[in-house]
Each structure stands twice: as C-alpha cells, then as structure tokens.
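Structural characterization, general
Each chain is listed here by its residues.
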Amino acid sequence: MDFTFSEDQYLFRDSVGEFLRNEVTPERIRAGWESPTGRDDALWQALTELGVTGLTVPESHGGLGMSAVDFVLLAQECGYVALPEPLVNTALVAVPVLQAVGGELAATWLPKVADGSARVVCGLANNQLAEDAHVADLLLWCEGDALFALHPGQFTARANASVDPSRRLYAIAIEPGVEPVLTGAAANAVGGLAMRRGALGAAAQCLGLAQRMIDMSVAYTSDRQQFGKPIGSFQAVKHHMANVAVRLEYAKPAVARAAYSLFTDDPGAQRHVAHAKLAACDAANLAAKHSIQVHGAMGYTWEVDLHIFMKKAWALAGTWGDSGFHKACVMDYLMYDDARLGATGTFS
Amino acid sequence: MKVLVAVKRVVDYNVKVRAKADGSDVDLNNVKMSINPFCEIAVEEAVRLKEAGTATEVIAVSIGDKACQEQIRTALALGADRGIQVETEGSVEPLVVAKLLKGVVEKEQPQLVILGKQSIDGDNNQTGQMLGALTNMPQGTFASEIAVDGDKLSVTREVDGGLQTLSLNMPAIVTSDLRLNEPRYASLPNIMKAKKKPLDVYSPADLGVEVTTHLTQVSVEPPAERQAGIKVESVDELVDKLKNEAKVI
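Given the structure is predicted, the values throughout are model-derived calculations rather than measurements. Along each chain, the written sequence defines residue order, and numbers are assigned to residues from 1. Each chain is given a letter, starting from A, and each ligand a number, starting from 1, according to the order in which they appear as written. Local features in a predicted model are, by the rule used here, given only for residues with pLDDT of at least 70; side-chain atom pairs are given and counted only at 80 or more, and totals for whole chains, interfaces and linings are based on all residues. Each side-chain value is derived from all of the structure's non-hydrogen atoms; neither hydrogens nor water enter the calculation.

Brief notes about the overall build of chain B
A run of H or I in DSSP becomes a helix once it reaches four residues, and a run of E becomes a strand once it reaches two; helices and strands are each numbered from the N terminus. Within chain B, the secondary structure is distributed over six helices and eleven strands. Seen through its C-alpha atoms, chain B measures out along the principal axes to roughly 70 × 45 × 40 Å. Exposure classes here rest on a 1.4 Å probe applied to the protein chains alone. A residue is buried below 20% of its type maximum, exposed above 50%, and partly exposed in between. Burial statistics for chain B: of 249 residues in total, 43% are counted as buried. By the convention used here, residues are in contact when the closest approach between their heavy atoms is within 4.5 Å. At a minimum sequence separation of 6, the contacts of chain B that also span at least 24 residues come to 70%. Accessible area for chain B stands at about 13,900 Å²; split by element, carbon and sulfur atoms hold 48% of it. Each charge class in chain B was averaged separately, 29 positive and 36 negative side chains, and the resulting centres sit 4 Å apart. Using a 1.4 Å probe, accessible areas were evaluated by the Shrake-Rupley method; residue-level cover was limited to the displayed protein chains. Here the positive residues are Lys and Arg and the negative ones are Asp and Glu; neither His nor the chain ends is included. To locate a charge, the coordinates of NZ of Lys, CZ of Arg, CG of Asp or CD of Glu are taken.

Below, the structure is given as structure tokens:
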C-alpha cells in the first residue's frame with residue numbers, strides 16, 4: 001500500500017502554499033484585527049480565483065471534486081500562515097455537510113461556494129460558539145438532534161472574545177419559527193460528520209502552525225548570538241526544537257491516515273480522527289511552549305509575531321472536541337474487548 | 001500573432017544557495033527549483049497579450065533535462081497553450097541556448113519572442129541579445145511596458161537615465177524587466193488543465209545545433225562574510241578612518 005501523497009497533491013500544496021505565504025503575512029493578519037469584520041474580502045476573492053474554495057465541491061456543481069485527502073495538505077498550509085479566513089471550515093466541513101443534506105440546499109449553495117459568491121460555514125452547538133457567523137451567507141448549525149441551514153436574519157449572533165484575535169466567535173440563537181433541514185438520526189449523522197471533519201481540519205492546521213513555530217524559532221536562534229555563537233547551537237536550546245520536530249513528524253501520518261479514513265468511510269474513522277487531533281494539537285502545543293522559551297522573554301510579547309501562531313494553536317486545541325473528548329474516543333476503543341491492538345492490528 | 005516565451009529552471013529565489021564543498025558549483029541537492037522570476041514575468045506578458053486578443057497562441061519553451069518540464073507545466077498553468085522542451089544534459093551556456101532558441105524560432109515562426117532579461121542563477125543577461133543577433137530580429141531589452149500596434153511593437157525600456165521607448169518591426173525579441181507586470185498565481189483548475197496541454201520534446205540535433213562548450217567554470221565561492229563594525233570615539237577618528245583605511249574620502 002502506498003501511503004505517500006501523490007505528485008499532484010504536493011503540486012497543489014506548493015501552489016497554494018506559495019500564494020498563502022506571499023499574501024497572508026503577519027502584517028495583514030494584524031490589520032484584520034483592527035477591521036470591523038476581521039475578514040478580508042479581497043483575500044477571499046483571491047482564494048476563490050485560485051480555485052481553493054471549490055476544491056472539494058463536486059465537479060457537477062462547478063468544483064474540482066476532490067477529497068479530504070487532497071485538502072489536508074492545503075489545510076496544513078492554511079495553518080502555516082494562520083489564515084484567518086474560514087477556508088478550512090468551508091471546504092472541509094460545510095461542503096461535505098451540504099453534500100450529505102443534498103437536494104435543493106446542495107444544488108443552490110455548492111455552486112456558490114465554488115464560484116466564491118457566498119460564504120458557507122458550519123458550526124456545532126457542542127462547540128458552544130460558531131466561528132464566522134457574522135460573514136456567513138449560510139450558517140449550517142447542528143444543535144441537539146437538528147441541523148439548521150440559517151440565512152442572515154434567521155439567527156442572532158452575540159460576539160464572544162477569543163484568545164486568538166483572528167477568530168470571530170458568536171453565540172447563536174435561532175429565531176422562532178425557523179425549521180431545521182434535518183432532524184433525528186439523519187441530523188445526528190451529519191453532526192458526527194461535521195465533528196470528524198472539523199477535528200481533522202483543526203489537526204491539519206495544527207501541523208502547519210507547529211511547523212511555522214519551529215521555523216520561526218530556528219531562524220531566531222540561528223541569528224541570536226550569545227558567547228560568540230548562535231544560541232541555537234547550544235544543546236539546551238536546540239534539543240527543545242528537536243523534540244518539537246520529532247513530535248510533529250509523528251503527528252503527520254496520524255493526520256494523513258485520518259484524512260484517508262474519512263475519504264474511504266473507514267469504520268475506524270472516528271478514532272483515527274481523534275488520534276490525529278490529539279497528536280497534532282500536542283505537537284502544536286509543545287511547539288508553542290518551547291518557542292516561547294527559545295525566544296526568551298520577547299517571545300511572549302505582542303510585538304513578536306510568534307503569538308499569532310501559538311494563540312491559534314491554543315484555540316484550535318479546544319474546538320471540534322477538546323482533548324478530553326478525543327481521549328475518551330480513543331479509550332473507548334482500547335477498552336473494547338475485541339480491540340485489535342499492537343502492530344498486527346495497525347492496518348487491519 | 002504567435003508568441004514564443006522562453007522559461008528557465010533555476011533555484012527558487014527564496015533559497016539561500018550554498019557552494020559545494022569542493023567549490024566546483026552551487027549545491028543543488030534537495031534545493032527547491034522554480035521558474036526564473038523574469039521568465040515568469042515574460043509568460044505573464046504573453047498571456048496578457050492573448051487575453052487582450054492580440055496574441056492567438058502562446059508557446060513556452062525550455063532547454064534542459066526532463067526536470068525542466070516542470071517549469072514548462074508551470075507556464076502552461078499560467079496560461080500558455082503548449083510547450084516545447086529542448087532536451088539537453090548538464091549546464092548549457094547562453095550562446096548555445098540562443099542557438100537552440102533560434103532553431104525553435106525557425107520552426108515556429110513567432111511574431112514575438114519574450115524572454116526574461118536574465119536568469120537569477122547565472123545572471124548573464126546574454127541570451128535575448130544573442131538571439132536577436134543570430135535571428136537578425138530587432139530587440140527591445142529590459143522592457144517595462146510593451147504595446148502592439150499592427151506589425152509594430154512599442155517597447156518602453158528601463159535605462160540609466162530613465163525610460164526609453166523604441167518602436168520595433170515585428171517579428172521582434174523582448175526581454176522583460178521586473179516592472180513589466182506582476183505575474184498571477186496559477187489556479188488549481190489551470191494546474192489540472194496544464195497536464196493535458198501538448199508538450200513536444202526536441203533534441204538539439206532536431207534543431208541542427210551542436211551543443212558545445214566555450215566556457216569553463218573555474219570555481220564557486222560564497223561571498224566574503226561581512227565583518228562586524230566598530231565604534232569610533234570622535235568625528236576626527238571617523239574622518240581619519242574614512243580617509244586612510246576605507247579610502248573613500
């Protein structure tokens with residue numbers, strides 16, 4: 001079995017990565033913090049022209065018809081630049097939810113996602129708050145045993161603060177009389193799908209965030225001199241970053257497997273996603289912790305860009321299921337009598 | 001109007017290059033390679049001419065081993081219609097490149113050839129001018145603006161004193177400067193489409209060119225590291241150092 005990504009998948013990653021690294025600079029992110037919506041219409045338009053918003057939209061609706069496996073490398077690139085726009089939510093969560101609902105809702109909104117004429121985001125009441133509800137032309141909101149497709153005016157959104165200034169979080173209250181598009185088991189199934197895909201997107205972004213923090217720390221410690229040498233040459237410093245790099249490398253295959261499991265509807269997808277989210281968030285958290293240390297006191301300041309990335313990592317760790325939720329999922333499997341554990345069960 | 005654009009595979013401009021330990025060349029192991037930035041500008045200009053309805057076909061040509069097909073595909077993703085690779089081995093010097101391009105020009109008969117003014121690896125800034133001499137076509141180098149008017153081409157050039165505008169009879173050769181345009185990013189659908197666009201491969205023999213070597217690279221060394229500065233105690237000491245050590249006043 002070939003576990004490697006294809007040449008095309010790497011080509012897409014490099015193309016989108018080049019765009020994001022050139023266009024989504026820390027200066028642009030900071031400018032977004034000062035804007036009323038925190039969102040950049042020009043950037044969203046550019047992403048649309050690049051074809052990224054339509055990557056997972058079926059070809060029959062004007063997209064490229066690609067899968068979670070194709071998108072997961074792009075989500076890492078989104079993490080690398082701490083992209084504030086809800087691209088990962090739209091492409092990896094909202095589009096599959098629309099597809100799962102199907103019918104007129106999908107036929108109406110999927111082409112709009114592909115051509116960039118509408119922003120569709122998905123949120124779970126389990127997350128407490130919805131991201132980007134203020135700019136959404138359609139909010140797919142899973143609450144209890146119901147899935148709502150909410151247009152502006154069908155809900156009120158009360159702003160909440162986030163540790164990450166790039167995030168815009170809202171408590172959602174649905175206006176009376178708005179009917180759900182799905183209820184019962186069907187809604188629960190879609191809610192589960194959204195949770196798994198949201199967690200995968202968060203995990204993939206955490207990989208990119210961890211890599212960015214490693215790169216920033218390596219650059220800083222290669223430049224900063226003490227005792228006539230770069231501080232990165234001292235074991236006390238470089239071992240910190242080496243530990244993060246090792247943690248990150250071990251998290252990458254877990255995220256890739258989770259994407260593949262979702263793509264193939266693997267029965268173990270839920271725990272594979274849980275493993276991926278735990279491993280990736282753990283790597284990003286360690287990267288944040290050690291990056292602050294190797295930057296010295298200035299690593300904690302507002303002026304140094306490091307906090308843009310570490311705060312996003314902290315925020316992602318708590319959304320789409322926190323570590324307790326995902327650990328419980330893994331534990332359920334481990335404690336199951338027929339669990340296939342060890343090397344022989346790895347690929348079963 | 002047919003437009004031929006030359007693209008070169010070079011080390012990505014973001015990469016900090018290093019010399020090989022034996023000083024024989026730049027170390028290209030595990031280094032990201034990209035399309036030469038000036039060639040990317042040339043492709044963008046050709047594509048804009050096509051989008052404006054001035055050009056009917058844009059052909060991207062590259063010279064090198066099979067790896068350079070990657071840069072041709074990039075040009076195709078940016079909007080070129082088809083590609084040509086002239087397959088060579090090892091490094092090829094500017095005069096040979098110009099001769100090979102002349103062969104392609106004779107085959108394709110373009111009305112306009114656009115090249116980057118130089119590649120960021122060798123920085124030779126020779127190929128466009130040599131191609132002009134070999135084909136006896138008029139050339140507008142270091143172009144910051146071009147405009148087609150019938151069979152005439154107006155080229156605004158960046159020169160030391162400011163801007164110089166030339167009027168050329170086509171077919172003509174243009175080399176692009178940095179400010180000619182800002183290249184677009186290749187969209188994902190266009191990257192997919194580029195895979196299906198035609199790409200012909202020629203050998204130098206097909207073009208009647210013998211690949212010869214006139215130049216020998218003696219050694220490659222990194223630039224000398226900048227020394228740390230010093231603090232002077234007085235203006236007099238500063239003037240003394242500028243006069244007697246730096247010898248700049």
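A word on the packing of helix H9 (residues 269–295) of chain A against helix H10 (residues 306–317) of chain A
Residues and elements named next belong to chain A. Fitted lines through C-alpha atoms serve as axes, helices being fitted only where they are in contact, and the angles separating the N-to-C directions of these axes extend from 0 to 180 degrees. Two numbers describe how H9 lies on H10: the axes approach to 9 Å, and their chain directions differ by 150 degrees. Considering their axes alone, H9 and H10 lie roughly antiparallel with respect to each other. In the packing of H9 onto H10, the handedness of the crossing is left-handed. Listed contacts from H10 to Lys277, Cys281, Ala284, Asn285, Ala288, Ser291, Ile292 and His295 of H9 are Leu306, Met310, Ala313, Trp314, Leu316 and Ala317. Broken down by class, the residue content of the contact of H9 with H10 amounts to ten nonpolar, three polar and one charged. Here roughly perpendicular refers to angles of 65 to 115 degrees, roughly parallel to angles under 35, roughly antiparallel to angles over 145, and oblique to all remaining angles. What makes a crossing left-handed is the near helix being turned counterclockwise from the far one by less than a right angle; a clockwise turn instead makes it right-handed. Here the nonpolar group is Ala, Val, Leu, Ile, Met, Phe, Trp, Tyr, Cys and Pro; Asp, Glu, Lys and Arg are the charged ones; every other residue, Gly included, is treated as polar.

Digging into a nonpolar patch on the surface
Residues and elements named next belong to chain A. Patch definition: residues above 30% relative accessible area lacking any salt bridge, with like charges linked at up to 9 Å and the nonpolar side chains Val, Leu, Ile, Met, Phe, Trp and Tyr linked at up to 5 Å. Each salt bridge in this description consists of a side-chain nitrogen of Lys or Arg and a carboxyl oxygen of Asp or Glu lying within 4 Å of one another. Together, Met331, Leu334, Met335 and Leu341 make up a nonpolar patch on the protein surface, roughly 420 Å² of accessible area in all. As for its placement among the helices and strands, Leu341 is situated in the loop between helix H11 (323–334) and helix H12 (343–346). For Leu341, a relative accessible area of 47% gives the class partly exposed.

Brief notes about the sheet that holds strand S1 (residues 120–124) of chain A
Residue and element names in this part refer to chain A. The strand order S1-S3-S4-S7 describes an open sheet built from four strands, whose pairing is mixed. In the strand order of this sheet, the two ends are held by S1 and strand S7 (182–183), each with one partner. Here two bridges tie strand S4 (residues 146–150) to S7, and the two strands are oriented antiparallel to one another. Its bridge partner being in S7, Ala146 is matched across the sheet by Thr183. Across the sheet, helix H5 (residues 87–101) is in contact with S1, strand S3 (138–143), S4 and S7; its angle to S1 comes to roughly 85 degrees. Packed on one face of the sheet, helix H6 (residues 103–115) meets S1, S3 and S4 and runs near 125 degrees to S3. Criterion used throughout: strands pair if DSSP finds at least two bridges between them.

Topic: the sheet that holds strand S2 (residues 130–131) of chain A
Residues and elements named next belong to chain A. Pairing is antiparallel across the open sheet formed by three strands, whose spatial order is S2-S6-S5. A single partner strand is all that each edge strand has here, and the edge strands are S2 and strand S5 (155–160). Here two bridges tie S2 to strand S6 (residues 169–174), and the two strands are oriented antiparallel to one another. Opposite Ala130, over in S6, you have Tyr170 as the bridge partner.

Here's the deal with the interface of chain B and chain A
In this assembly, nine residues from chain B lie in contact with 17 residues from chain A. Here chain B packs against chain A, burying approximately 1,100 Å² in sum over the two surfaces, 70% of which is carbon and sulfur. N or O atoms closer than or at 3.5 Å make up a polar contact, with two conditions inside protein: a donor-capable atom paired with an acceptor-capable one, and, for residues adjacent in sequence, both atoms drawn from side chains. Joining chain B to chain A, the criterion identifies four residue pairs in polar contact (both at pLDDT 80 or more). In terms of residue class, the side of chain B that touches chain A is built from seven nonpolar, one polar and one charged. Once two parts are joined, some of their accessible surface, as seen by a 1.4 Å probe, is lost; buried area is that loss totalled over both.

Take it as geometry only, folks, not as evidence of what the structure does.
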